[in-house]
Amino acid sequence: QVQLVESGGGLVQPGGSLRLSCAASGSIASIYLMGWYRQAPGKQRELVAVITDSGSTHYADSVKGRCTLARDNAKNTVYLQMSSLQPEDTAVYYCYADVGLTDVASRVNYWGQGTQVTVSS
């Protein structure tokens, strides 16, 4: 019913920057919360940053000051700008959306397939 399409991952050197994008499409009435989680090898998935439908943001302590999450409500898209990347930021980054659906009166969490971010020299 809802698809999340991620883009922007890749290989970057320590200290570099990347921008991740995630576009939601489908039977969307509203997106209450949208953002990014990440999972490094051998570790649990953890929150990176999320943004509400009113524009309030929440960042993990590990990325505060280095990441900015923005949202385009008209396009149902979020953008995560990451800078000063370090090897410990290496992970698969997953887009997340808490969506109210148009065709059924329900609220469902969706995940993207993930995009690899590798920080290495």
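Counting starts from 1 at the beginning of each chain's written sequence and moves along it residue by residue. Local features are withheld for residues below a pLDDT of 70 in this predicted model, meaning they are given only at 70 or higher, and side-chain atom pairs are given and counted only at 80 or more; totals for whole chains, interfaces and linings count all residues. Note: side-chain values were computed over all heavy atoms of the structure, leaving out hydrogens and water.

What follows deals with the sheet that holds strand β3 (residues 18–26). Across the sheet, which stays open at both edges, the four strands sit in the order β1-β3-β8-β7 with antiparallel pairing between neighbours. The open sheet has two edge strands, β1 (2–7) and β7 (67–72), and neither has a second partner. Here the average twist between neighbouring strands, direction ignored, is 15 degrees. Pairing between two strands requires that DSSP report at least two bridges joining them. Where helices and strands are cited, they refer to DSSP runs of H or I of at least four residues and of E of at least two residues respectively, numbered from the N terminus. Relative to strand β8 (residues 77–82), β7 runs antiparallel, the two being bridged by six bridges. Looking across to β8, one finds that A70 is bridged to Y79. Note on geometry: axes are C-alpha line fits, over the in-contact stretch for helices, and angles between N-to-C directions span 0 to 180 degrees.

Quick look at the packing of aromatic side chains now. Here is the rule: rings of Phe, Tyr and Trp (six-membered ring for Trp) pair when centre to centre is within 6.5 Å. Planes less than 30 degrees apart are stacked, more than 60 are edge-to-face, and the remainder are tilted. Across all of its chains, the model carries three aromatic pairs by this definition. For the pair Y37 and W111, a centre-to-centre distance of 5.1 Å together with 70 degrees between the ring planes defines the contact as edge-to-face. With Y37 in strand β4 (residues 28–39) and W111 in strand β10 (residues 107–111), the pair connects residues that are 74 residues apart, well separated along the chain. Summary of the burial criterion: residues with accessible area below 20% of their type's maximum are buried, those above 50% are exposed, and those between are partly exposed, where the area comes from a 1.4 Å probe applied to protein chains only. Among the residues examined, W111 registers a relative accessible area of 38% and is labelled partly exposed. Consider the rings of Y96 and W111, whose centres lie 5.1 Å apart with planes at 55 degrees: the pair is tilted. Remark: W111 occurs in strand β10 and Y96 occurs in strand β9 (residues 91–101); sequence separation between them is 15 residues. Grouped by ring-pair contacts, the aromatic residues Y37, Y96 and W111 constitute a single cluster. Note on geometry: a ring has a charge over it if NZ (lysine) or CZ (arginine) is within 6 Å of the ring centre and within 35 degrees of the ring normal. Above the ring of W111, the side-chain terminus of R45 is found at 4.7 Å from the ring centroid. One cation-aromatic arrangement involves R107 over Y32; the distance from NZ or CZ to the ring centre is 3.9 Å.

Pairs of cysteine sulfur atoms within 2.5 Å are what we label disulfides. Taken as a whole, this structure holds one disulfide when the rule is applied. Here C22 is linked by a disulfide to C95, with a sulfur-sulfur distance of 2.0 Å. Taking the torsion about the sulfur-sulfur bond, which here is approximately -85 degrees, the covalent link between C22 and C95 counts as left-handed. One end of the pair, C22, is in strand β3; the other, C95, is in strand β9, and 73 residues separate them in sequence. Just as C22 is buried, C95 falls in that class too. Left without a disulfide partner, C67 is nearest to the cysteine sulfur of C95, which lies 14 Å away. Exposure remark for C67: the relative accessible area of 7% places this residue in the buried category.

That's the geometry; what it means functionally is another story.
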